[in-house]
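# Fold and geometry: a report
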Amino acid sequence: MYTSTKLPRTSALFISALLGGVIFTSCASSHQSGNKASPPIAADSAANPASVPANQSSLSQKAEAAPIARSRPQLIKKAAISLTVNSVDQTIDAVSQIINQQQGDLIGLKQQQPKNDNPRYTATIQLRIPEDRLEPTLEQLAKLGTVDSRNITAEDVGDRLVDFQARLTNLQKTEANLQKIMDRAGSITDVLSVTQELSNVRQTIEQIDAQLKNLKNQVAYSTITLNLEAAVSSTSPQRAFGLQVQETWNNSTHSLSAFSVGLLKLGIWLIVYSPYLLIFTALVYGFSRWRRTNSPRLTQTPESTRSE
């Protein structure tokens, strides 16, 4: 009986000791694993104080180095180029092709045929080209002949565009407010006054909107003035003999008709002023007759005085 009761107690103590050791070892292993995991974190935290400021400094440098966004300047560009070419007509055809390639428009053409005082054939062409294709177009035009002169001017209208846009926005708000007031107006006098003011505001809005669109159009499209001059003075070919004879006949008949008309006009003037001419002729005739009759007496008076 003693041995039987002792064995169970021994086994219970052994089992309890075994469970306690397992619990103890598990706690120890968890504590060690926590300690093993903490040094990398500590190491990272020790290294981070140096890395964090470095990252912050790099970010600040990037922020400082980043360019500030600037609005694109609104420029009205105008260009002028003068060329000396071999053939003005062929150059005009080439210019038309360039205009079609660059999606532009021909807004003016003036040709001057050779004259005596200016024997060279000249032409002036005005083009309208999209702003981003101005330089390529000028390069293509320069290849058509010898460049005598070339200049480009630009006018910044950004402030005017901003001003017009601000005024337009304010006027549109005023228009909306006037419309609300008009809806609430009761008497006819108030309605008429608000209507007049609303009409004035809308007229101003239309004017500013037209000016704004015109400026935007001038910014979007650049103007090129192309002056062409023939390299060799051209002389007009001699006309045929028959044409010269016909021109001479026409000039002579025209001169004869003009002379006849002039004589007819002179006769009409003489008929109209004939009374005055007759009176003047009578006065001249009477004065000459009086002078003839009185001239002997004037000549005899000095002789008679001498004889006495």
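About the thresholds
- Residues numbered from 1 in each chain as written.
- Predicted model: local features only at pLDDT ≥ 70, side-chain atom pairs only at ≥ 80, totals over all residues.
- Heavy atoms only, no water.
- pLDDT = per-residue confidence, 0-100.
- Contact = heavy atoms within 4.5 Å.
- Pairing = 2+ DSSP bridges.
- Helix = DSSP H or I, 4+ residues; strand = E, 2+ residues; numbered from the N terminus.
- Axes fitted to C-alpha atoms, helices over the stretch in contact; angles between N-to-C directions.
- Buried < 20%, exposed > 50% of the residue type's maximum accessible area, 1.4 Å probe, protein only.
- Core = buried A, V, L, I, M, F, W, Y, C linked by side-chain atoms within 4.5 Å.
- Salt bridge = Lys/Arg side-chain N within 4 Å of Asp/Glu carboxyl O.
- Arc of directions from axis to C-beta.
- Expected span 1.5 Å × (residues − 1).
- Polar contact = N/O pair within 3.5 Å; in protein donor to acceptor, adjacent residues only side chain to side chain.

### A look at the confidence of the model for the protein
Taken residue by residue, the protein gives an average pLDDT of 76. The fraction at 70 or more is 69%. When the criterion is pLDDT under 50, residues 1-69 qualifies, and its contacts beyond four places in sequence or with other chains add up to one contact.

### Focus on the sheet that holds strand 4 (residues 146-156)
Ordered in space as 2-3-5-1-4, the five strands form an open sheet in which the pairing is mixed. Of all strands in the sheet, those with a lone pairing partner are strand 2 (105-112) and strand 4, marking the two edges. This sheet shows a mean twist of 10 degrees between the axes of neighbouring strands, independent of strand direction. Both strand 1 (residues 75-85) and strand 5 (residues 221-230) contribute to a ladder of eight bridges, which runs parallel. Its bridge partner lying in strand 5, L83 is registered against L228. Here helix 3 (residues 134-142) sits on the sheet in contact with strand 1, strand 3 (122-130), strand 4 and strand 5, set at roughly 10 degrees to strand 1.

### Concerning unusual backbone geometry
Although it is not a glycine, Q103 adopts a positive phi angle of roughly 60 degrees. The exposed category is assigned to Q103, whose relative accessible area is 55%.

### Focus on the pairing of strand 1
The pairing of strand 1 with strand 4 spans ten bridges and is antiparallel. Counted as the bridge partner of K77 is A154 from strand 4.

### Some words on the side chain of T91
For T91, the location among the structural elements is in helix 2 (residues 88-101). Those residues in contact with T91 that lie beyond four places of it in its chain are V85, L144 and L228.

### What about the nonpolar core?
V88, L127, I224, L226 and L228 are the most contacted members of the largest nonpolar core, which has 21 residues in total. For this core, the element with the most residues is helix 2, which contributes five residues. In this structure, F164, L178, I208 and L215 belong to the second largest nonpolar core, which totals 14 residues.

### Description of the pattern of salt bridges
Under the definition given, this model contains six salt bridges. With a closest N to O distance of 3.5 Å, E135 and R150 form a salt bridge. Linking E135 in helix 3 with R150 in strand 4, this pair joins segments that are 15 residues apart in sequence. The class for R150 is partly exposed, based on a relative accessible area of 40%.

### A closer look at helix 3
Every buried residue belonging to helix 3 is among L134, T137, L138 and L141, and all of these are buried. The arc that holds every buried residue of helix 3, seen down its axis, measures 100 degrees, which confines them to one face.

### Concerning helix 2
Side chains three or four residues apart in an α-helix point the same way, a direct result of the helix having 3.6 residues per turn. Helix length check: helix 2, at 14 residues, gives a terminal C-alpha distance of 20 Å against a target of 20 Å (1.5 Å per residue), a fit within 8%. Those residues of helix 2 not exposed but buried are V88, T91, I92, V95, I98 and I99. Projected down its long axis, helix 2 shows its buried positions confined to an angular sector of 120 degrees, all on one face. Seen from the buried face of helix 2, the exposed residues on the opposite side, beyond 90 degrees, are Q90, Q97, N100 and Q101. Lining the buried residues of helix 2 we find strand 1, strand 2, strand 3, helix 3 and strand 5. You can read the cap of helix 2 off the contacts: a side-chain oxygen lies 3.5 Å from the backbone nitrogen of Q90, and it is on S87. A positive backbone phi angle near 60 degrees is found at Q103, which sits one or two residues after helix 2.

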